[in-house]
Amino acid sequence: MTGRTRRYEKRYDDLLGLFANEAAFTEIARTRGAEIAYRVDEFRPSDRAGDVIFGTSMLYPGRVGDEFIFTRGHIHAVSDRPEIYFCQSGHGVMLMELADGTIRTEEMTPNSVVYVAPHWIHRSVNVGTEPLVTLFCYPADAGQDYDIIASAGGMRDLIVDDGSGGWTRIPNPRYRPRVTGSGAA
Ligand SMILES: O=P(O)(O)OC[C@H]1O[C@H](O)[C@H](O)[C@@H](O)[C@@H]1O
Ligand SMILES: [Fe+2]
């Protein structure tokens with residue numbers, strides 16, 4: 001991508017506390033903490049509501065224990081703002097969750113498009129062996145809220161190796177359901 005207005009990179013060290021297997025993470029961070037886990041190049045023409053931010057993201061393959069490497073994940077700060085992702089290469093899963101814990105996954109393979117509808121928390125997961133490269137686009141006034149995941153102990157499900165070359169979803173043992181709506185427990 002040429003003409004970017006920003007590049008943002010996350011190293012393994014920046015992902016501390018996000019993976020379920022803390023011992024496996026500690027071991028990886030000890031030897032490869034400074035390695036880039038993912039990189040985002042974006043073009044942001046302005047922050048105006050009618051404008052769009054677009055760019056490319058490159059998530060390198062990896063695993064922490066059985067869990068596949070992922071982006072930190074967020075909900076848009078203006079939560080009704082959607083996003084689209086076009087997969088250029090690699091094999092990924094878009095893991096999406098509503099505040100009430102409803103989960104959805106969409107597989108990402110080259111030339112597939114994923115629509116992240118308004119109000120969905122979203123995280124890209126690389127379940128393959130090559131970098132997962134996506135082109136993304138979302139409204140320029142959307143912003144990102146990371147606390148919605150952090151305050152719940154992560155997303156409700158983990159995307160893990162199924163032991164036969166694929167991926168599967170298992171419940172996240174650290175997940176604490178959010179209190180949503182009136183009177184919900
Ligand atoms: O913001 P993160 O959860 O770290 O994910 C990294 C990036 O993922 C996507 O590509 C989004 O469109 C970016 O806006 C975001 O910054
Ligand atoms: Fe987003």
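See the structure above.
Only a predicted model underlies this, so the values are computations on that prediction, with no experimental measurement involved.

S.K.: Could you give an account of helix α1 (residues 22-32), naming the residues involved and the relevant values?
M.R.: Three or more residues of α1 are buried, namely Ala24, Phe25, Ile28 and Ala29. When α1 is viewed along its axis, its buried side chains cluster within an angular range of 130° and face the same direction. Exposed and facing more than 90 degrees away from the buried side of α1 are Ala23, Thr26, Arg30 and Thr31. Of the surrounding elements, those touching the buried residues of α1 are β4 (63-64).

S.K.: Before we move on, could you go through the coordination of the iron ion (ligand 2) and cite the residues and values that matter?
M.R.: Octahedral metal centres with six donors ideally show angles of 90 or 180 degrees, and tetrahedral centres with four donors ideally show 109.5 degrees. Around the iron ion (ligand 2), the donor atoms from the protein are His74 (NE2), His76 (NE2), Glu83 (OE) and His122 (NE2), and they sit 2.1 to 2.3 Å away. Considering all four donor atoms around the iron ion (ligand 2), angles at the metal cover 84 to 166° and the coordination shape is irregular. Ordering the donors of the iron ion (ligand 2) by residue number gives the pattern H-x1-H-x6-E-x38-H. Here His122 lies in strand β10 (residues 121-126) and His74 lies in the loop between β5 (67-68) and β6 (83-89), a separation of 48 residues in the sequence. Per residue, the accessibility class of His74 equals that of His122, and both read buried.

S.K.: Talk me through a nonpolar patch on the surface; I want residue IDs and the actual numbers.
M.R.: A cluster of nonpolar side chains, contributed by Met1, Val52 and Phe54, occupies part of the molecular surface with about 230 Å² of accessible area. Classification of Met1 by relative accessible area gives partly exposed; the value is 40%.

S.K.: Outline the side chain of Ser124, listing residues and values.
M.R.: Turning to its location among the elements, Ser124 is positioned in strand β10. We classify Ser124 as buried; its relative accessible area is 8%.

S.K.: Could you give an account of the sheet that holds strand β1 (residues 6-11), naming the residues involved and the relevant values?
M.R.: What the six strands build is an open sheet, ordered β1-β2-β3-β11-β6-β9; its pairing is antiparallel. Edge strands, defined here as strands with exactly one partner in the open sheet, are β1 and β9 (113-116). Pairwise comparison of adjacent strand axes, ignoring direction, gives a mean angle of 20° for this sheet. Both strand β3 (residues 52-59) and strand β11 (residues 132-139) contribute to a ladder of eight bridges, which runs antiparallel. Paired with Ser57 across the bridge in β11 is Thr134.

S.K.: An account of the state of the cysteines is needed here, citing residue identities and associated values.
M.R.: Taken as a whole and assessed by the stated rule, the structure comprises zero disulfides. The cysteine Cys137 is free of any disulfide, with Cys87 supplying the nearest cysteine sulfur at 16 Å. For Cys137, a relative accessible area of 22% corresponds to the partly exposed category.

S.K.: Account for the pattern of salt bridges, with residues named and values stated.
M.R.: For the coordinates displayed, the defined rule picks out 17 salt bridges. Here Arg32 ties to Glu35 by a salt bridge, and the two come within 3.1 Å at their closest N and O atoms. Arg32 gets classed as partly exposed once you look at its relative accessible area, which sits at 31%. For Asp161, the salt bridge is made with Arg63, and the minimal N-O distance between the two is 2.4 Å.

What counts and how
- Residues numbered from 1 in each chain as written.
- Chains lettered and ligands numbered in written order.
- Predicted model: local features only at pLDDT ≥ 70, side-chain atom pairs only at ≥ 80, totals over all residues.
- Heavy atoms only, no water.
- Buried < 20%, exposed > 50% of the residue type's maximum accessible area, 1.4 Å probe, protein only.
- Helix = DSSP H or I, 4+ residues; strand = E, 2+ residues; numbered from the N terminus.
- Arc of directions from axis to C-beta.
- Contact = heavy atoms within 4.5 Å.
- Donors = N, O, S within 2.8 Å, 3.2 Å for Na, K, Ca; no water.
- Tetrahedral: all angles 85-135°; square planar, octahedral: opposite > 155°, others 65-115°.
- Patch = residues over 30% accessible without salt bridge, like charges linked within 9 Å, V, L, I, M, F, W, Y side chains within 5 Å.
- Areas by Shrake-Rupley, 256 points an atom, 1.4 Å probe, with all protein chains shown as cover.
- Salt bridge = Lys/Arg side-chain N within 4 Å of Asp/Glu carboxyl O.
- Pairing = 2+ DSSP bridges.
- Axes fitted to C-alpha atoms, helices over the stretch in contact; angles between N-to-C directions.
- Disulfide = S-S within 2.5 Å.

Treat this as a map of the structure, not an account of what it does.
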